[in-house]
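Residues per chain, in single letters:
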Amino acid sequence: MGTPGCADIPPLEGRNWLVHRHWTRCEYDACQTLIEEELIVSKGRNEHAHYMKGLVLRRTGRLRESLECFQNCYDLNAASINNVKQIAKTLYLLGSYKSAMEVFLEARKLDSSDWEIERGLGECCMKLSLPKEADGYLRKAAASTRNERPVLALARLRVACGEFPEAASLLAAVLRIAPECHEVDLELGQLYLRVNDTRQAQEQLTKIPPRGADPRLPAGFLAQERREYNAALSEYKAATLRTPDSFCLWNNIGTCFFEKEKFIAAIGCLKRAHYLDPTAVLPTFNLGMVHLSIQLPMSAAVYLCAAATIAPKYPRCFLLLAIALGQLGDEDGALKSLTEAHLLDPRDHFVIINMAALLFRKNEVERAETLLASLEPDRAARLLPTKVEKVAAGLRARFKTSGVNPDLVEQEK
């Protein structure tokens, strides 16, 4: 005969299975409702409820609230390595890489054979610009598991270090471990694109099925690189059905229309890309370039000034901004922009020739001659673009007479 009243006491973790079912079905609202009920019943002592609440909040982007949940789990059970790892992972996502690394090291004391800890340490070192330490941790993680994640992280480290052949070998090794991992197919295809091996890239990207990582964006980029703009637009159009809110996609569509000289369509697509991510430099820069091409320097200057603010180390923003300001009659502003561009890239032919032309207009002939002299080694080696060489020759001829002021030279598309 049972003890009287025992049947009235609910088990502390009686509905964990139901919480887990909602989680695996991505039913986050129902999951959170059930978790809150469990926390009320247990008076905040249900470790599993706190843990699952942390996972749900992290999945929905509420990282700081998620961190508080995992810290509650740690307070309830400090011996659980999973609680410590989740705190470290959340700190990593918050960008607190040093703190995340310290927590991963604490977790390592609980279990020195856990490959996820070694991978976490390696990824923290990558973010902290410690490539040698990252390499050691990631190699140890890769040696401890057949999971592809440590090798994939190691390949990304090799890419970051500019060691593309080693990265390709590692990604190929991952595919031998997990041939159905289409994320790796996509990574390898993009790596081949970076080294201009379009044949291998095409071969790798065609292995990705439609239900896996969408290959249409890189496939469209390949067609765009070959100047097959109609084919590229066809791929991009199909991709918009799956990722209609991708600013990269709309930026690429806009540049295709620009190359086809359909400027209104280009501006429409680029403005959509700019709306989707106002902090992305490419749509902003391309909007400035399109407006400059259709002789709207004031609008171009607005976008190019914004692009230069977003990417202050990108010299072409300052170059095109100088051209727009020159067309608006602001020679001082144009010279300031060209000076900044020249500081960022002293060997850019278009920056040099535009700056020399502007200095000549301002009667600063000696500085202009010095700039033109810096082009001589490349001219002798036949490395100058035809347009730059032609304008440079015209400037040299005019130095003797100073009779006509040259205009700023617009960069070719």
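These numbers were taken from a predicted model, which means no experiment stands behind them.

**A few points about the confidence of the model for the chain**
Confidence in the prediction for the chain averages 82 pLDDT; 89% of positions are at 70 or higher. In this model, residues 1-10 is a region of pLDDT below 50 whose contacts with residues beyond four sequence positions or in other chains number one contact. Here residues 403-408 is a poorly scored stretch, pLDDT under 50, and it has 20 contacts once near neighbours within four places are set aside; other chains count.

**A few points about the pattern of salt bridges**
Summed over the entire model, instances satisfying the criterion amount to 17 salt bridges. For Glu-106, the salt bridge goes to Lys-109, with nearest N and O atoms at 3.2 Å. Note that Glu-106 and Lys-109 are positioned in helix H6 (residues 97-110) at a spacing of three residues, about one turn of the helix. According to the relative accessible area criterion, Lys-109 is exposed, its value standing at 66%. Put simply, Asp-135 and Arg-139 hold a salt bridge, and the shortest N to O gap is 2.9 Å. Within this pair, Asp-135 and its partner Arg-139 are both found in helix H8 (residues 131-144), separated by four residues, close to a single helical turn. Arg-139 gets classed as partly exposed once you look at its relative accessible area, which sits at 46%. Several salt bridges converge on common partners, so that one network encompasses Lys-85, Lys-89, Asp-114 and Glu-116.

**Details of the side chain of Thr-240**
Among the secondary structure elements, Thr-240 is positioned in helix H14 (residues 229-240). A polar atom in the side chain of Thr-240 sits 2.5 Å from the backbone oxygen of Lys-237. Once residues lying within four places of it in the same chain are set aside, the contact partners of Thr-240 are Leu-249, Trp-250 and Ile-253.

**A few points about the environment of Cys-73**
Of note, Cys-73 is situated in helix H4 (residues 63-76). Note: C-alpha distance between Cys-73 and His-50 (23 residues apart in sequence) is 6.1 Å. Not counting chain neighbours up to four residues away, the residues in contact with Cys-73 comprise Glu-47, His-50, Tyr-51 and Asn-83.

**A few points about the packing of aromatic side chains**
Counted under the stated rule, the structure contains five aromatic pairs. Ring geometry for Tyr-92 versus Tyr-97: centroids 5.3 Å apart, planes at 65°, classification edge-to-face. Take Tyr-97: its relative accessible area is 23%, and that puts it in the partly exposed class.

**As for the nonpolar core**
Core analysis: the largest hydrophobic core is formed by 58 residues, its most contacted members being Trp-23, Ile-35, Met-52, Leu-171, Val-184, Leu-188 and Leu-191. Among the elements that line this core, the one with the most residues is helix H9 (residues 149-160), at seven residues. Among residues more than four places away in sequence, those in contact with Ile-35 are Val-19, Ala-49, Met-52 and Lys-53.

**Comments concerning the packing of helix H5 (residues 81-93) against H6**
Running from amino to carboxyl end, H5 crosses H6 at an angle of 165°, the nearest separation of the two axes being 8 Å. Between H5 and H6, the angle falls in the class roughly antiparallel. Our pair here, H5 against H6, has a crossing hand that is left-handed. Here H5 contributes Ile-81, Val-84, Lys-85, Ile-87, Ala-88, Lys-89, Leu-91 and Tyr-92 to the contact with H6, which in turn contributes Tyr-97, Ser-99, Ala-100, Val-103, Phe-104, Ala-107 and Leu-110. By residue class, the composition of the contact of H5 with H6 is twelve nonpolar, one polar and two charged.

**Examining unusual backbone geometry**
If a residue is not glycine, its phi is most likely negative; likewise, a peptide bond is most likely trans. Phi is positive for Arg-227, which is not a glycine, with a value near 65°. Along the chain, the position of Arg-227 falls in the loop between helix H13 (216-225) and H14. On the basis of relative accessibility, which here comes to 62%, the residue Arg-227 falls in the exposed class. Positive phi outside glycine occurs at Glu-261, with the angle close to 60°. Looking at where Glu-261 falls in the secondary structure, it is placed in the loop between helix H15 (247-259) and helix H16 (263-276).

Scoring rules and cut-offs
- Residues numbered from 1 in each chain as written.
- Predicted model: local features only at pLDDT ≥ 70, side-chain atom pairs only at ≥ 80, totals over all residues.
- Heavy atoms only, no water.
- pLDDT = per-residue confidence, 0-100.
- Contact = heavy atoms within 4.5 Å.
- Salt bridge = Lys/Arg side-chain N within 4 Å of Asp/Glu carboxyl O.
- Helix = DSSP H or I, 4+ residues; strand = E, 2+ residues; numbered from the N terminus.
- Buried < 20%, exposed > 50% of the residue type's maximum accessible area, 1.4 Å probe, protein only.
- Polar contact = N/O pair within 3.5 Å; in protein donor to acceptor, adjacent residues only side chain to side chain.
- Phe/Tyr/Trp six-rings, centres within 6.5 Å; stacked < 30°, edge-to-face > 60°.
- Core = buried A, V, L, I, M, F, W, Y, C linked by side-chain atoms within 4.5 Å.
- Axes fitted to C-alpha atoms, helices over the stretch in contact; angles between N-to-C directions.
- Parallel < 35°, antiparallel > 145°, perpendicular 65-115°, else oblique.
- Left-handed = near helix turned anticlockwise from the far one by under 90°.
- Nonpolar A, V, L, I, M, F, W, Y, C, P; charged D, E, K, R; others polar.

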